[in-house]
Amino acid sequence: MIIYALIPARSGSKRIKNKNILKLNNKNLIQITIEQALKTKEINKIFVSTDSKKYQKISIDAGAEVPYLRNKKISKDLSTDLECFKDFLYQLKKRSVPIPDIIVHLRPTYPYRENKLISNCIKKFLMLKGKADSLRTIFKLKENIQKMWLINKKKMIYNPITINTEQHSIPGQKLKKSYIQANCIDILNVKKTIYKNSMTGKKIYGYEINHNYDIDDIDDFNRLKKII
């Protein structure tokens, strides 16, 4: 079983300039994530996918492999994770590097990971023995998704989860708990996800964690600085 960690780190963030190399406790976010992966014995190799020579040097100095620079065409604001991961597998094949069975997706913008969390997620995914195509960390919401709405151009609201619009009046205690994706750790079975043009596959295991500290804007970063 070959397991690689992949850390996507493009350089063109608009909301926070150079978001992936912001510093917490004198270490930048890429370095923090690489060090966490290095402490995870189940991971065979650690790769960073970036379009930046500066990020490439930072990553190599921290102990990761960066054998190529990602094409700028798939390093834009609207570029998808799937484009990055398909390119990663293409670049490995091009360089005769063995293709992994499993990829552990670690975002630099989620630097808060307690000791052994990555390892525990990998162990859980392996214990499932193929019953899940992927694993994603999730965080329980206080709100119920059944009570949320989307709005269309005509200002009409609707809930894409259910056609029962009366659920907004049902006590929350009677509704199922709702969870949001915590962008902490994703684990993918390569054959069942990326090779099928998907980042999740059809069967997704939810690994619940008790924090949600993804850095999307400067307020998120300042909040995490206070916590750490």
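Details of the structure are given in the entry above.
The structure presented is a predicted model; accordingly, all values stated were derived computationally and were not measured.

Criteria and cut-off values
- Residues numbered from 1 in each chain as written.
- Predicted model: local features only at pLDDT ≥ 70, side-chain atom pairs only at ≥ 80, totals over all residues.
- Heavy atoms only, no water.
- Core = buried A, V, L, I, M, F, W, Y, C linked by side-chain atoms within 4.5 Å.
- Buried < 20%, exposed > 50% of the residue type's maximum accessible area, 1.4 Å probe, protein only.
- Helix = DSSP H or I, 4+ residues; strand = E, 2+ residues; numbered from the N terminus.
- Contact = heavy atoms within 4.5 Å.
- Phe/Tyr/Trp six-rings, centres within 6.5 Å; stacked < 30°, edge-to-face > 60°.
- Salt bridge = Lys/Arg side-chain N within 4 Å of Asp/Glu carboxyl O.
- Pairing = 2+ DSSP bridges.
- Axes fitted to C-alpha atoms, helices over the stretch in contact; angles between N-to-C directions.
- 1 Å grid on protein atoms, 1.4 Å probe; cavity = no way out; pocket = protein on both sides within 12 Å on 5 of 7 lines; lining within 4 Å.
- Points joined across faces, edges and corners; volume = space filled by probe spheres on them.

A.B. asks: How do you make sense of the nonpolar core when you look at a structure like this?
C.D. replies: For soluble globular proteins, the rule of thumb is that nonpolar side chains tend to be buried together. In terms of nonpolar packing, the biggest core is built from 43 residues, with I43, V104, L106, I185 and I187 touching the most fellow members. Secondary-structure elements contributing two or more residues to this core are β1 (3-8), α1 (29-38), β4 (45-49), α2 (53-62), β5 (102-106), α4 (117-127), β9 (179-189) and α5 (218-227). Each residue touching L106, except ones within four places of it in the same chain, is listed here: A5, L6, I7, P8, T33, A37, R113, I118, C184 and I185. Core analysis: the second largest hydrophobic core is formed by 14 residues, L6, F47, L89 and I103 among them.

A.B. asks: Can you walk me through the packing of aromatic side chains in this structure?
C.D. replies: Here a ring pair, both rings aromatic, is described through the centre-centre distance and the interplanar angle of the planes. Summed over the entire model, instances satisfying the criterion amount to 3 aromatic pairs. Measuring from ring centre to ring centre gives 5.1 Å for Y112 and Y213, while their planes differ by 80°; the resulting arrangement is edge-to-face. Remark: Y213 occurs in the loop between β10 (204-208) and α5 and Y112 occurs in the loop between β5 and α4; sequence separation between them is 101 residues.

A.B. asks: So what exactly am I meant to see when it comes to the pattern of salt bridges here?
C.D. replies: Side chains that differ in charge, positive against negative, can pair when their charged atoms come close. Taken as a whole and judged by the stated rule, the model has 8 salt bridges. Close ionic contact of K45 with E65 constitutes a salt bridge, the shortest N to O distance being 3.3 Å. With K45 in strand β4 and E65 in the loop between α2 and α3 (81-94), this residue pair connects regions lying 20 residues apart in the sequence. Using a relative accessible area of 30% as the deciding quantity, one classes K45 as partly exposed. When the shortest N-O distance is used, the salt bridge between K57 and D61 registers 2.8 Å. Linking K57 with D61, this pair stays in helix α2, spanning 4 residues, or about one helical turn. The residues K57 and D61 share a single accessibility class, namely exposed.

A.B. asks: Sorry if this is basic, but what is going on with the sheet that holds β5 here?
C.D. replies: Strand pairing in a sheet relies on backbone hydrogen bonds, with the paired strands running either antiparallel or parallel. The strand order across the open sheet formed by 6 strands is β4-β1-β5-β9-β6-β10, and the pairing between neighbours is mixed. Either end of the sheet is taken by a strand with one partner, and the two such strands are β4 and β10. Taking each pair of neighbouring strands and ignoring which way they run, the sheet shows an average axis angle of 30°. Note: strand β6 (residues 134-140) against β10, 5 bridges, orientation parallel. When the sheet's bridge partners are listed, L135 is paired in β10 with Y205. The sheet strands contacting α4 are β1, β5, β6, β9 and β10, and the helix crosses β9 at an angle near 65°.

A.B. asks: Please clarify how the layout of surface pockets should be interpreted in this entry.
C.D. replies: Empty space among the atoms becomes visible once a probe the size of a water molecule is rolled across them. By volume, the largest pocket amounts to about 680 Å³. Lining the largest pocket are 24 residues; nearest its centre among them are R10, K19, D77, S79 and D81. Size it by volume and the second largest pocket reaches roughly 490 Å³. Q36, K39, R113, E114 and N115 are, among the 22 residues lining the second largest pocket, the residues nearest its centre.

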